[in-house]
Amino acid sequence: MSLVITEDTMTAVLDGEVIATGTRTDSGWHVTTWPRPLDRNAAITALSLAERVITHGEDDPCVRAWRKELARG
């Protein structure tokens, strides 16, 4: 996976395919795979989570932990 991060956008790419994106707005980062705005670091975690779900599945311990962490924020 690669993450492309600019001042206003983030893109997660896996095997040449965009799997998730993030866009910075006044209310925070809106990531296509997360239901609410996030801060910059949490947006990076959400993009990494999208890749982890694809490569390891929903029952992966890291997937569950990262979702729990993001939900607390």
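Residues numbered from 1 in each chain as written. Predicted model: local features only at pLDDT ≥ 70, side-chain atom pairs only at ≥ 80, totals over all residues. Heavy atoms only, no water.

Caption draft 1: Structural context of the nonpolar core. Of all hydrophobic cores here, the largest spans 18 residues; its most connected members are V31, W34, L38 and L70. Among the secondary structure elements, those contributing two or more residues to this core are β2 (9-14), β3 (17-25), β4 (28-31), α1 (40-56) and α2 (61-72). Ranked by the residues each element gives to this core, the list is headed by α1, at seven residues. Residues within four places of L70 in sequence aside, it is in contact with W34, R36, L38, A42, T45, A46 and L49. (Core = buried A, V, L, I, M, F, W, Y, C linked by side-chain atoms within 4.5 Å. Buried < 20%, exposed > 50% of the residue type's maximum accessible area, 1.4 Å probe, protein only. Helix = DSSP H or I, 4+ residues; strand = E, 2+ residues; numbered from the N terminus. Contact = heavy atoms within 4.5 Å.)

Caption draft 2: How the structure looks around the pairing of β4. Two elements, β3 and β4, share four bridges in a ladder whose sense is antiparallel. Looking at β4, one finds that R24 is bridged to W29. The antiparallel pairing of β3 with β4 creates a hairpin that spans two residues between the two strands. (Pairing = 2+ DSSP bridges.)

Caption draft 3: Focus on the sheet that holds β2. As summarised here, the arrangement of the four strands in space is β1-β2-β3-β4, forming an open sheet in which the pairing is antiparallel. This sheet does not close on itself; its edge strands, each paired only once, are β1 (2-5) and β4. In this sheet, adjacent strand axes meet at a mean angle of 20° when their direction is disregarded. Note: β1 against β2, four bridges, orientation antiparallel. (Axes fitted to C-alpha atoms, helices over the stretch in contact; angles between N-to-C directions.)

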